[in-house]
Amino acid sequence: MCGIVGLFLKDPKLEPQLGALLTDMLITMTDRGPDSAGIAIYSSAGKGLGKITVQSANPDADFANLDGDLKEALGAPVALLVKSTHAVIEVPIGQLDAARSAIAHLRPAVKVMSSGENIEIFKEVGLPKDVASRFGVAKMGGTHGIGHTRMATESAVTTMGAHPFSTGADQCLVHNGSLSNHNGVRRELRRQGMSFETENDTEVAAAFISHKLKQGEALGAALESTLTDLDGFFTFVVGTHNGFGVVRDPIACKPAVMAETDEYVAFGSEYRALVNLPGIENARVWEPEPATVYFWER
Amino acid sequence: MQTFDLGKEGLRALNSSLHALKGQTNMTKWEVINPKGAHAIAAGVDANVEITVRGSTGYYCAGMNKQATILIKGSAGPGVAENMMSGTVIIDGDASQYAGATGRGGLLVIKGNASSRCGISMKGIDIVVHGNIGHMSAFMAQSGNLVVLGNAGEALGDSLYEARLFVRGSVKSLGADCIEKEMRPEHYELLEKLLKAGEADAKAKPEQFRRYGSARKLYNFNIDNASAY
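The shown structure was predicted, so the numbers you read here are calculated from the model rather than taken from an experiment. (Residues numbered from 1 in each chain as written. Chains lettered and ligands numbered in written order. Predicted model: local features only at pLDDT ≥ 70, side-chain atom pairs only at ≥ 80, totals over all residues.)

Participant: When you look at the overall build of chain A in this model, what are you seeing that I'm missing?
Facilitator: Of the regular secondary structure elements, chain A holds eight helices and 15 strands. Relative to a compact globule of 298 residues, whose C-alpha radius of gyration would be 19 Å, chain A shows 18 Å and is just as compact. Relative to its full complement of 298 residues, chain A shows a buried share of 51%. For chain A, restricting intrachain contacts to residue pairs at least 6 apart in sequence, the fraction spanning at least 24 positions comes to 72%. (Helix = DSSP H or I, 4+ residues; strand = E, 2+ residues; numbered from the N terminus. Rg over C-alpha atoms; globule rule 2.2 N^0.38 Å. Buried ≥ 20, exposed ≤ 12 C-beta atoms within 10 Å, placed from the backbone. Contact = placed C-beta atoms within 7 Å.)

Pasting the structure below:
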């Protein structure tokens, strides 16, 4: 199974509530995926700043004085906000790549969850309500976000195997389904210079789209090519710094419901996930068509 | 009228109350409020009662229904009226995947659109869809009638047995062994009845429909195809 929720806000007035709305949606999808949960949330770090979300199995040791060490390595201001096993590091936007390399050197055991202008990713094993509360997701604001509850099929139940997967700056993808040609696609993408953290099929889909975007394709076209090049069952929801996209495979076994109002576009694996959204009674609610790409950009 | 607040009392209490209605009952009218997309609402009812669900439902609403009339004042999630035996289910909105799957009897009316696999493996149910249906509908459908006022998606009636399919709009493609068939007087008569029962007689006339059925070529093993297996 697996559960997906997503919310793309059109009305800035709702932005302070993004985390709270997504948390409620995510918890409703617990019985579709009680193994692990994750959330990608997009909010600006502030002018000229970028952020890196990192994760550690030993946060006390790894995050101690990480900001100080990083500041010294980069010669630039660094802000560090620890949230349980994750930490969000803010650096000048031009220093993102340098900061990533420095983190890899300074704290080799630390994993990078995401990096970019707006994105933060928090994911862990455990029930969605526990995952959401340990990171304080309900208090977060932002412009758009995607959440996932995982019932594992293709790889182990680990933090790194949880969704969302981020394989490019400000990009993320979550998946309900399973891919059958991911090993072949991963080999091909590796040859083209993409790198992988896990044996997970979804990470391959994320990297496939990131690779297309890197080559200059638009989000819509990149999603379109998943229909020809990826084999298996999938409903994907993807996020970029300013966009939100949905695509389902042509067989479309994996459920999906969308709702749109003047205030937002919402996605849920089931209608249940959407029932507490403001104004849902008057929303346009529909099932996204198979083999059809939907995306919204601000 | 019995009003049941699903948000307060929970699904198990609702379904056990409905299952307890056997034979004669004075409680013939039920209303379910706050369905909020919950699963299996009013599944397994076996009584001549009318149940109105005020809102949209999740998986398997009205599954295995016998006798009851179940009205959904919203849209229905996957597998609505799955394996219905008898009775009537009327959905005001849309229905998700495999509506009426394996249904053996009764009438399912969808006033909006139905998505993929509508009427898959149907075995005697009548389904009337006022809008469109998605791909692979009536796959391996064995008997009963599927009436569609709108269009049908890809591979309609793949590996069809003896179900009758009537479509007013376009059919994106026919599945293996499904062909268009002539409309004979008995089909116009049947359609007239089904449109009326399906509350669609004001919207469509029998002569606007085309009929699709089985070419009956897949029924038996054909020795000429042996090399293909």
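On we go from here.
Participant: Just checking my understanding: could you explain the domain arrangement of chain B for this structure?
Facilitator: A common way to report how large an interface is uses the accessible area buried once the components associate. Residues and elements named next belong to chain B. For chain B, the domain assignment lists domain 1 (1–96) and domain 2 (107–215). Between domain 1 and domain 2, the C-alpha centre-to-centre distance is 25 Å. The interface is formed by twelve residues belonging to domain 1 together with ten residues belonging to domain 2. Across the side of domain 1 that touches domain 2, the residue classes break down as six nonpolar, four polar and two charged. (Domains from an automatic or database assignment. Nonpolar A, V, L, I, M, F, W, Y, C, P; charged D, E, K, R; others polar.)

Participant: Just checking my understanding: could you explain the nonpolar core for this structure?
Facilitator: Most often, soluble globular proteins have nonpolar side chains that are buried together. Residue and element names in this part refer to chain A. One finds Leu22, Leu26, Leu173, Ala205 and Ala266 to be the most contacted residues of the largest nonpolar core, which totals 82 residues. Taken together, domain 1 (3–42 + 141–297) and domain 2 (44–117) each give at least three residues to this core, which thus spans both. Beyond its immediate chain neighbours, meaning those up to four positions away, Leu22 contacts Val5, Leu7, Ile39, Val137, Gly145 and Gly147. (Core = buried A, V, L, I, M, F, W, Y, C linked by C-beta atoms within 7 Å.)

Participant: When you look at the sheet that holds strand S4 (residues 79–83) of chain A in this model, what are you seeing that I'm missing?
Facilitator: Strand pairs in the sheet, formed through backbone hydrogen bonds, run parallel or antiparallel to each other. Residue and element names in this part refer to chain A. The strand order S4-S5-S3-S6 describes an open sheet built from four strands, whose pairing is antiparallel. Only two strands of the sheet have a single neighbouring strand rather than two, namely S4 and strand S6 (111–116). Averaged over all pairs of adjacent strands, the angle between their axes in this sheet comes to 20°, without regard to strand direction. Both S4 and strand S5 (residues 86–92) contribute to a ladder of five bridges, which runs antiparallel. The partner of Leu81 across the bridge, within S5, is Val88. (Pairing = 2+ DSSP bridges. Axes fitted to C-alpha atoms, helices over the stretch in contact; angles between N-to-C directions.)

Participant: Teacher, can you tell me more about the packing of helix H1 (residues 18–28) of chain A against helix H5 (residues 128–135) of chain A here?
Facilitator: In a pair of packed helices, the angle between the axes and the distance between the axes together describe the arrangement. Residue and element names in this part refer to chain A. Two elements in contact, H1 and H5, have axes separated by 8 Å at closest approach and are oriented at 155°. Classed by the angle they form, the pair H1 and H5 counts as roughly antiparallel. Here Thr23, Leu26 and Ile27 of H1 come into contact with H5, specifically with Pro128, Lys129 and Ala132. Of the residues belonging to the contact of H1 with H5, the class tally is four nonpolar, one polar and one charged. (Parallel < 35°, antiparallel > 145°, perpendicular 65-115°, else oblique.)

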